[in-house]
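Chain by chain, the residues:
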Amino acid sequence: MLFRSDIFETSQGVTLWADLPGVTKERLNIKVQDANLFIEGEAVVPTPGGLRLQHAEIRQPHFARAFSVGGDLDTSKIDATLKDGVLKLTIPRRDEARPRRIEVRTD
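Everything quoted here is computed from the prediction, not taken from an experiment. (Residues numbered from 1 in each chain as written. Predicted model: local features only at pLDDT ≥ 70, side-chain atom pairs only at ≥ 80, totals over all residues. Heavy atoms only, no water.)

Caption draft 1: Structural context of the nonpolar core. With 17 residues, the main nonpolar core has Phe3, Leu20, Leu37, Ile39 and Leu87 as its most contacted residues. When residues of this core are traced back to their parent elements, those giving at least two are β2 (13-19), β3 (23-33), β4 (36-43), β5 (62-68) and β7 (86-92). Residues contacting Leu20, with those up to four places away along its chain left out, are Phe3, Leu28, Ile39, Phe63, Gly85 and Leu87. (Core = buried A, V, L, I, M, F, W, Y, C linked by side-chain atoms within 4.5 Å. Buried < 20%, exposed > 50% of the residue type's maximum accessible area, 1.4 Å probe, protein only. Helix = DSSP H or I, 4+ residues; strand = E, 2+ residues; numbered from the N terminus. Contact = heavy atoms within 4.5 Å.)

Caption draft 2: Structural context of the environment of Ala43. Turning to its location among the elements, Ala43 is positioned in strand β4. With relative accessibility at 7%, the residue Ala43 sits in the buried group. Separated by 11 residues in sequence, Ala43 and Val32 place their C-alpha atoms 21 Å apart. In this structure, Ala43 is in contact with Pro21, Gly22, Val23, Pro61 and Phe63, ignoring residues within four places of it in sequence.

Caption draft 3: Up close: the packing of aromatic side chains. Considering all chains together, one arrives at one aromatic pair under this definition. Ring geometry for Phe3 against Phe67: centres 6.5 Å apart, planes inclined by 50 degrees, an arrangement best described as tilted. One end of the pair, Phe3, is in the segment before β1 (5-9); the other, Phe67, is in strand β5, and 64 residues separate them in sequence. (Phe/Tyr/Trp six-rings, centres within 6.5 Å; stacked < 30°, edge-to-face > 60°.)

Caption draft 4: Region of the structure containing the sheet that holds β2. As summarised here, the arrangement of the four strands in space is β1-β2-β7-β6, forming an open sheet in which the pairing is antiparallel. Each edge of the sheet is formed by a strand with only one pairing partner; in this case those strands are β1 and β6 (79-83). Here the strands of the sheet are splayed against their neighbours by 15 degrees on average, with no regard to which way each runs. Inspection of the sheet shows β1 paired to β2 by five bridges, in the antiparallel sense. Bridge pairing in β2 links Ser5 to Ala18. (Pairing = 2+ DSSP bridges. Axes fitted to C-alpha atoms, helices over the stretch in contact; angles between N-to-C directions.)

The structure is reproduced here in structure tokens:
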């Protein structure tokens with residue numbers, strides 16, 4: 001099942017926000033391979049004892065998605081945080097790919 005995500009790009013890098021309801025850190029797998037970012041997770045939706053499930057919005061608790069990663073991003077410095085079912089990935093640009101100001105001299 002695909003999950004929803006938002007991707008923001010700045011001169012410093014890319015930030016990806018992914019909605020992963022019910023996914024815990026232990027059931028989340030993020031990897032980079034061949035310029036692709038793979039995110040997989042499995043939701044854990046506990047049913048309290050003595051209750052019977054009447055309706056479920058999450059029928060397949062397995063989430064997976066792949067994203068292409070541009071060569072100007074430094075995948076060795078990805079920062080990932082998971083809070084309240086929302087994953088935030090920050091991928092900085094490589095230093096040589098960041099915009100830099102060129103100083104102009106006068107003779």
